[in-house]
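The primary structure of each chain is shown beneath.
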Amino acid sequence: MTAAFTADAARALGGPEWLARRREVAVERLADVVWPTPSEEIWRYSRIDRLDLGRYRPFAAEELGAPGDERAPGGGPWAAEAGKHAGMIVVRDGRVVHHELDPALEAKGVRACGIATCEDDLVSTLIGRASSRSEDAFTVLHDAFLAGGAFVHVPAGVVVENPILVLHWCEGDGRASFPHTLVSLGEGAEATVLDRFGSPDTDHLVDAVTELLVEDNAHLRYLTVQEHGSRTWHLGFQRAHVGRDATLRTSAVALGGDYARLRSEALLTGQGAESDQLAVYFGDGEQMLDFRTLQDHDAPNTRSDLLFKGAVEDTARSVYSGLVHLRPPAKKANASQTNRNLVLTEGASAESIPNLEIEANDVRCSHASTVGPIDDEQLYYLESRGIPPEEAERLIVLGFFDDVFERLPVGALTRGLRRSVVDKLEHARARR
Amino acid sequence: MTASSNGADHVLRISDLHATVSRHEILRGVDLEVRTGEVHALMGPNGSGKSTLSHALMGSGEYEVTRGSVTIDGEELLGLPTWQRAHHGLFLAMQYPVEVPGVPLESVVGAALEARGAVPADLHERIAAEARAVGVPDALLRRGVNTEFSGGEKKRAETVQLAVLEPRFAVLDEIDSGLDVDALRDVARRVYALAKDRQVGVLAITHYARLLAELRPDRVHVFLAGRIVKSGGPELADELERTGYEGIAAELGIDELTVGRPAADADPFGDPTIGSNPFADPLA
Ligand SMILES: Nc1ncnc2c1ncn2[C@@H]1O[C@H](COP(=O)(O)OP(=O)(O)OP(=O)(O)O)[C@@H](O)[C@H]1O
Ligand SMILES: [Mg+2]
């Protein structure tokens, strides 16, 4: 199954010694990895049985270019769309090709650079803190072929006002790439990070890992936007550690890909830690968008909130499966989990499976989940004002997503993302 | 086609209208004519089919019209989709306005006017002014229309939309229900002004005399069991107040007041609301 993903191929990727050693350990684990099937709960309803790893091979070192060999001038239109930003890392096929940072922040110890090229020892000590214990086979594969990736670090007490951009572009038919985003906020630090993924219409496998380390009293806002081409596969694994009285607001917008999966986990490790997880997804054509979430409370007085909203059209499918886990130490924890889905055409479908596991006392916990078509009464109401049905539908769908769009960080992007939703709606309608 | 060109005299004509819900006949031959600038009141007991009439006019898919016609200036509306009926000048303020999360009132009215090809440059200001006239606070305008509005707030929001869209004919289905005393006065005055100054033709469905005192209807119609059984001037409302619907029914020799499908084990006349004084005004 892993024909092209050999130890030799991993070894040839080069980079710093610690990174090569890390790959070697993962390659060894890879030999024993059990590749998932939909019979495993965490892969239920997924398309994983359609994945033929033999169809892909990793990039060779000479294709990626030597670490530090920065070619691209900047982030192009994506950088412009994000508005004012404090720094930017451009990643092609998993390797950093450009990075920049406001010098005033650099002087304060902020880092926005490549994992393979960063001179700080910090990166080698932090990498894997959140992800290395993952049992996900694709995290092991990722670690075995990790050639670089983005590193964002904000030292204790430093506040970064404008967003830091991480822009990933994945290209190449029959190739696999392994983008990694490592964000670490020291005690009391504050930052906003945009992690944006795209690819052309190529048969490409993206095996991505994001680690968000939020120390005590720190505040991280994180937005990931996925706009892959229609043949790209995306397997995303994201895990956050949130310390005492720290807050994490993660959000995801998923629009592209053939099969695109995001496993998003928030571990509330310190007393009073808070996390908000938001998502907007819209699937059309034959797409499948797949989300697995975990709100993991392991300390008292922790609070988590989750709101995932999606729509599917044509014969697209979506899966939301989420777990709220209140472990024994999570006294007085408060957790809520909401997933709502609009199924816009008969051929489309959405699965929604919220789950609770409560092992702590004196907690508050709620969950809600809905799957259904656009409400006829709402359509009728708008039409009664003289709004044609197509426009009424557009308003209702945008209105449905509004409470998530409103709360996304990087406000400069919101208008364009709303536009993308409308475009998908209109394209799908043209095919009806 | 634009709704605001009310200068000339227009007529909404409903003839022999029959409609069914899940094959049960609710409307049983409604005849009514409303001209622009006129105010008509329609009164009838719960379950007699008043809201069904309003939805049949607007073209809700819930009801099937089996006979009759509805025209504006001779042009047939039946068979047209709901939104086109609105473009022909019809507006319905619903008894139960629908919550549309994330779509604020201004987006609704903006899209409604854009579809008619006429969005005024000062739309925002006009909405703000109309909202002030009936006491709709700004915060409400920012929310999805009707979303988590109180009953009275929904009726005020319907009035704002009515005033900005300025249709030729407005069917107001219990626009007064849920309104507090002050709001009832504000809403009624706004509707009255639209009828008299802007020549909107009004068909006001209501249970309460208080609204009629402000609206000063030209005609009052009594609606029993799916049709208009008696019409008259404002004095008919006074008669109703004395006799109740049962008095009118007895006078006309009608023995059925409502059209609800009788439950197997229940006498439809067992409904305690029927025959009671329709003017038991909860605000009085
Ligand atoms: N969608 C429906 N399905 C089944 N029955 C319906 C439906 N809509 C209306 N009905 C029935 O038709 C009858 C007339 O209802 P309608 O809402 O028109 O009454 P109304 O005169 O407006 O009453 P009210 O004064 O209480 O508002 C009632 O018995 C009602 O239960
Ligand atoms: Mg009614």
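See the structure above.
Residues numbered from 1 in each chain as written. Chains lettered and ligands numbered in written order. Predicted model: local features only at pLDDT ≥ 70, side-chain atom pairs only at ≥ 80, totals over all residues. Heavy atoms only, no water.

Colleague: Quick question: what am I supposed to make of the overall build of chain B here?
Modeller: A tally of regular secondary structure across chain B gives nine helices and ten strands. For chain B, the proportion of its 284 residues judged to be buried stands at 54%. The contacts in chain B between residues at least 6 apart in sequence include a share of 71% that link residues at least 24 apart. Accessible surface, chain B: about 11700 Å² in total, of which carbon and sulfur atoms supply 48%. (Helix = DSSP H or I, 4+ residues; strand = E, 2+ residues; numbered from the N terminus. Buried < 20%, exposed > 50% of the residue type's maximum accessible area, 1.4 Å probe, protein only. Contact = heavy atoms within 4.5 Å. Areas by Shrake-Rupley, 256 points an atom, 1.4 Å probe, with all protein chains shown as cover.)

Colleague: Any chance you could explain the coordination of the magnesium ion (ligand 2) here in plain terms?
Modeller: Angles between donor atoms at a metal ideally measure 109.5 degrees for a four-coordinate tetrahedral arrangement and either 90 or 180 degrees for a six-coordinate octahedral one. Around the magnesium ion (ligand 2), the protein supplies Ser 51 of chain B (OG) and Gln 95 of chain B (OE1) as donor atoms, at distances of 2.0 to 2.1 Å. You can see Ser 51 of chain B sitting in helix α1 (residues 50-58) and its partner Gln 95 of chain B sitting in the loop between β6 (90-93) and α3 (105-115), a full 44 residues away along the chain. (Donors = N, O, S within 2.8 Å, 3.2 Å for Na, K, Ca; no water.)

Colleague: Can you walk me through the sheet that holds strand β4 (residues 64-72) of chain B in this structure?
Modeller: Each strand in a sheet pairs with another by means of backbone hydrogen bonds, the pair being arranged parallel or else antiparallel. Residue and element names in this part refer to chain B. Taken in spatial order, the four strands make up an open sheet running β2-β1-β4-β5, and their pairing is antiparallel. Each of the sheet's edge strands pairs with one partner strand only, and the pair in question is β2 (24-35) and β5 (75-76). One ladder, built from nine bridges, connects strand β1 (residues 11-21) with β2; its direction is antiparallel. In the strand pairing of β2, Thr 20 is matched with Glu 25. Running over the sheet, α1 touches β1, β2 and β4 and is turned about 70° from β2. (Pairing = 2+ DSSP bridges. Axes fitted to C-alpha atoms, helices over the stretch in contact; angles between N-to-C directions.)

Colleague: I'm lost on the pairing of strand β11 (residues 219-227) of chain A in this one. Help?
Modeller: Regular strands place side chains that alternate from one sheet face to the opposite one. The pairing of strand β9 (residues 190-198) of chain A with β11 of chain A spans nine bridges and is classified as parallel. From the neighbouring strand, Leu 194 of chain A faces β11 of chain A, where its bridge partner is Leu 223 of chain A.

Colleague: Sorry, what's going on with the site of ligand 1 here?
Modeller: Residue and element names in this part refer to chain B. Every one of the 17 residues lining ligand 1 counts as a neighbour, but Gly 47, Lys 50, Ser 51, Thr 52 and His 207 are closest to it. Within the contact set of ligand 1, an oxygen atom lies 2.9 Å away from a backbone nitrogen or oxygen of Gly 47. One of the side-chain nitrogen or oxygen atoms of Glu 174 is found 3.4 Å away from an oxygen atom of ligand 1. Expressed as a share of its isolated accessible area of 640 Å², the protein-covered part of ligand 1 is 69%. Taken together, the residues of the shell around ligand 1 break down into five nonpolar, nine polar and three charged. (Near = heavy atom within 4 Å. Polar contact = N/O pair within 3.5 Å; in protein donor to acceptor, adjacent residues only side chain to side chain. Nonpolar A, V, L, I, M, F, W, Y, C, P; charged D, E, K, R; others polar.)

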